[in-house]
Amino acid sequence: MTRPLSSQETIQLFQDYVIPNYNRFPVALVRGEDSYVWDSEGNRYLDFFPGWGCGLLGHCPAPVVEAVRRQLGELIHVPNTWYTEVQGQWAKALSQRSFGGQAFFCNSGTEANEAAIKLVRLHAQRPRYKIITFEGSFHGRTLGSLTATAQPKYHEGLGPLVAGFVYAPYGDLDAVEKLIDAETAAIMIEPIQGEGGVRLPPAGFLAGLRQLADQHGLLLVFDEVQTGCGRTGHWFGYQVFDVTPDIMTLAKAVSGSLAGGAMLARRDIAASLRPGMHAATFGGNPVAAAAGLAAIRMIEEQNLLERARQLGDLFRERFVALKQECELVRDVRVAGLMIGIELAIEGAATVRACMERGLLVNCTHGNVIRLLPAMTLSDEQLHQGCDILAEVIKSQAV
Ligand SMILES: *Cc1c(COP(=O)(O)O)cnc(C)c1O
């Protein structure tokens, strides 16, 4: 057998053969288990950001691994010209835990949002076609979702973008109302902005959008790619705020760490998607579906929604205490296991220093340390990681 490559040798492969469109840490990871990952040199890291939000159940959760292994031996992929029980069961499970709609399956968040954008346009009576989205949002990288993403830095060099998107400041209901005209078809929003810095909606904002949508005959679309599937300690982010959308998109954790995406839509709206209008070759494939179902079962059998809320409370306590003793911490925002610590300085050095001490965290929006930890985290791991993060942040204050 050939020996495994060192991190340095793997990095050389990337330099030679992989397009350099990501900033990567100079480390090659080889194995994961729960909230730990190991690199080629055998170093272990405590992972407070497993799989960029996809690892809600930690790395390689046993029930998902087992379901996938079983499914791989039975049927890996068939096109959507056939029925498979497992896709039907997955749709039922998602529908029953949300607003009773129907599902379309795809493979990623951006694809789920493209499906939502197309459904909005197909469902709307002309002249309606415009979609209002929000500054600081993130909806994905394909051109429709990218145009919906109201952050100029992601648009640079890519114009002309897709017509029909208008942007409102996040949290400003009056501005939204002013943007509504006879051509407006929908409002699309993340119930909590993720990439935009873990921004929570101001009180009454989402309810206000629901009201505006109802008054003006618009669809309300929630991008729950990051907030969905249990992340907030509720099945879906909209349940935290008690405001129900007409269409919801899911990905990241929806398929137990495998590639998967879904759009759920109210039945009367879903009826506007008829055969031939939209498709995804791998969408709802048996392996992704088996993994997604296993993830839902694991969350229920292990009571992990409640655990996520508990862990969120512990994180909040830790970081609120840190804020009181360290002026670098400007704000602490927590919704279950979606956690943002806004710093008075850029966060890149904090991320690097944590990694050197064996803790993986993320920085978004320049100065917000973002944690999307696993529901299976232990109290001990939580405190170990928080100790490291607190020491690192405090050491930057001097
Ligand atoms: C990650 C993310 C996306 C994009 O998902 P991909 O799977 O990378 O296409 C879209 N919306 C939100 C809210 C996200 O967090």
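Residues numbered from 1 in each chain as written. Predicted model: local features only at pLDDT ≥ 70, side-chain atom pairs only at ≥ 80, totals over all residues. Heavy atoms only, no water.

What to know about the site of the ligand
As a reminder of what qualifies: It suffices for a single heavy atom of a residue to lie within 4 Å of a molecule or strand for the residue to be listed as near it. Each polar contact in these results corresponds to two N or O atoms within 3.5 Å; when the atoms are within protein, one needs to be able to donate a hydrogen and the other to accept it, and residues that are neighboring in sequence are counted only if both atoms are side-chain atoms. With residues, only the protein chains shown are counted as cover, and all accessible areas are computed by Shrake-Rupley using a 1.4 Å probe. A run of DSSP states H or I qualifies as a helix once it reaches four residues; a run of E qualifies as a strand once it reaches two. Both are numbered from the N-terminal end. Note on residue categories: nonpolar means Ala, Val, Leu, Ile, Met, Phe, Trp, Tyr, Cys or Pro, charged means Asp, Glu, Lys or Arg, and polar means any other residue, Gly included.
As a matter of local geometry, the ligand sits amid Ser108, Gly109, Thr110, Asn113, Phe138, His139, Gly140, Glu190, Asp223, Val225, Gln226 and Lys252. In the model, an oxygen atom of the ligand is placed 2.6 Å from a nitrogen or oxygen of the Lys252 side chain. Within the complex, 82% of the 390 Å² of free accessible area of the ligand lies under protein. If you tally residues by element for the shell around the ligand, the top one is helix 4 (residues 109-123), at 3 residues. Of the residues assigned to the shell around the ligand, the class counts are 2 nonpolar, 7 polar and 3 charged.

Here's the deal with unusual backbone geometry
Filter applied, for reference: Exposed residues in this analysis have more than 50% of their type's maximum accessible area, buried residues have under 20%, and partly exposed residues fall in between, with area computed by a 1.4 Å probe over protein chains only.
Residue Pro127 is bonded to the preceding Arg126 through a cis peptide linkage, with omega at 15 degrees. Within the element layout of this structure, Pro127 appears in the loop between helix 4 and strand 5 (130-134). For the peptide bond that leads from Gly159 to Pro160, omega is -5 degrees, which places it in the cis range. As for its placement among the helices and strands, Pro160 is situated in the loop between helix 5 (143-148) and strand 6 (165-168). Here Asp34, not a glycine, exhibits a phi torsion of approximately 55 degrees, which is positive. Its location among the elements puts Asp34 in the loop between strand 1 (29-33) and strand 2 (36-39). On the basis of relative accessibility, which here comes to 37%, the residue Asp34 falls in the partly exposed class. The backbone of Cys60 sits at a positive phi, close to 50 degrees, despite the residue not being glycine. Looking at the secondary structure, you find Cys60 in the loop between strand 3 (44-47) and helix 2 (62-74).

A word on the packing of helix 12 (residues 348-356) against helix 13 (residues 379-397)
Rule in force here: For every element, the axis is a line fit to its C-alpha atoms; helices are fit only across the contacting stretch, and the angle between N-to-C directions ranges from 0 to 180 degrees. Put simply, angles under 35 degrees are roughly parallel, angles over 145 are roughly antiparallel, angles from 65 to 115 are roughly perpendicular, and the rest are oblique. Left-handed describes a crossing whose near helix is turned anticlockwise from the far helix through less than a right angle; right-handed describes the clockwise counterpart. Only heavy atoms enter the contact rule, under which two residues are in contact if any of them lie within 4.5 Å.
The contact between helix 12 and helix 13 brings their axes to 10 Å, and the two run at 130 degrees. Here helix 13 runs oblique to helix 12, going by the angle between their axes. Crossing of helix 12 over helix 13 shows right-handed handedness. From helix 12, Ala349, Thr350, Ala353 and Cys354 reach across to helix 13, where they touch Leu389, Val392, Ile393 and Gln396. Per-class residue counts for the contact of helix 12 with helix 13 are 6 nonpolar, 2 polar and no charged.

Observations concerning a nonpolar patch on the surface
Selection rule: Candidates for patches are residues over 30% relative accessible area with no salt bridge; among them, like charges are joined within 9 Å and nonpolar side chains (Val, Leu, Ile, Met, Phe, Trp, Tyr) within 5 Å. We define a salt bridge as a side-chain nitrogen of Lys or Arg found within 4 Å of a carboxyl oxygen belonging to Asp or Glu.
Together, Leu5, Leu13, Phe14, Tyr17 and Val18 give the surface a local cluster of nonpolar side chains, amounting to about 470 Å² of exposed area. For Tyr17, the location among the structural elements is in helix 1 (residues 7-17).

Brief notes about the packing of aromatic side chains
Definition in use: Any two rings among Phe, Tyr and Trp, with Trp reduced to its six-membered ring, count as a pair given centres within 6.5 Å; such a pair is stacked if its planes are under 30 degrees apart, edge-to-face if over 60, and tilted if neither. Throughout this description, the term charge over a ring refers to an Arg CZ or Lys NZ atom that lies within 6 Å of the ring centre and within 35 degrees of the ring normal.
Applying the stated criterion across every chain, the model contains 11 aromatic pairs. The interplanar angle of 85 degrees and the centroid separation of 5.5 Å between the aromatic rings of Phe48 and Phe315 together place this pair among those described as edge-to-face. On the criterion of sequence distance, the pair formed by Phe48 in the loop between strand 3 and helix 2 and Phe315 in helix 11 (residues 304-325) is long-range, its members being 267 residues apart. Across the pair, exposure class does not vary: Phe48 and Phe315 are buried alike. Through a chain of ring-to-ring contacts, the aromatic side chains of Phe48, Phe315 and Phe319 assemble into a single cluster. Geometry around Trp38 places Arg31 over its ring, the cationic atom sitting 4.0 Å from the centre.

Concerning the pattern of salt bridges
Scanning all chains against the criterion turns up 19 salt bridges. Between Arg70 and Glu66 there is a salt bridge; the shortest N-O distance is 3.6 Å. Separated by 4 residues within a single helix, Arg70 and Glu66 lie in helix 2, roughly one turn from each other. The closest approach of N and O atoms between Arg316 and Asp313, which form a salt bridge, is 2.9 Å. Of this pair, Arg316 and Asp313 both sit in helix 11, 3 residues apart, which is roughly one turn of that helix. On the accessibility criterion, Asp313 (40% relative accessible area) is partly exposed.

As for the pairing of strand 15 (residues 368-371)
To keep it simple, the criterion reads: The pairing criterion is simple: DSSP has to find at least two bridges between the two strands.
Covered by surrounding structure in strand 15 are Val368 and Arg370 together with Ile369 and Leu371, the residues of both alternating faces. Two elements, strand 12 (residues 338-343) and strand 15, share 4 bridges in a ladder whose sense is antiparallel. Within the sheet, the bridge partner assigned to Ile339 lies in strand 15 and is Leu371. In this sheet, strand 15 lies alongside strand 14 (residues 362-364) in antiparallel orientation, the contact comprising 3 bridges. Pairing of Thr364 across the sheet is with Val368, part of strand 15. A loop of 3 residues connects strand 14 with strand 15, the two strands running antiparallel in sequence, and His365 in this loop sits at a positive phi of about 55 degrees.

A look at the side chain of Arg210
The topology assignment puts Arg210 in helix 7 (residues 205-216). Since its relative accessible area comes to 16%, Arg210 is described here as buried. Polar side-chain contacts of Arg210 include one of 2.8 Å to the side chain of Asp214. Aside from chain neighbours lying at most four places away, what touches Arg210 is Leu218, Leu220, Val243, Thr244, Pro245 and Asp246.

A short note on the side chain of Thr232
Of note, Thr232 is situated in the loop between strand 8 (219-223) and helix 8 (237-241). Among all residues touching Thr232, those that are not within four sequence positions of it are Ile192, Thr227, Gly237, Val240, Arg309, Ala335, Gly336 and Leu337.

A closer look at the packing of helix 3 (residues 85-97) against helix 10 (residues 286-301)
It is the contact of helix 3 with helix 10, at a shortest axis distance of 8 Å, that shows an interaxial angle of 40 degrees. When the axis of helix 3 is compared with that of helix 10, the two are oblique. Classified by chirality, the crossing of helix 10 by helix 3 is left-handed. For the pair helix 3 and helix 10, the contacting residues are Val86, Gln87, Gln89, Trp90, Ala93, Leu94 and Arg97 in the first and Pro286, Ala288, Ala289, Ala290, Gly292, Leu293, Ile296 and Glu300 in the second.

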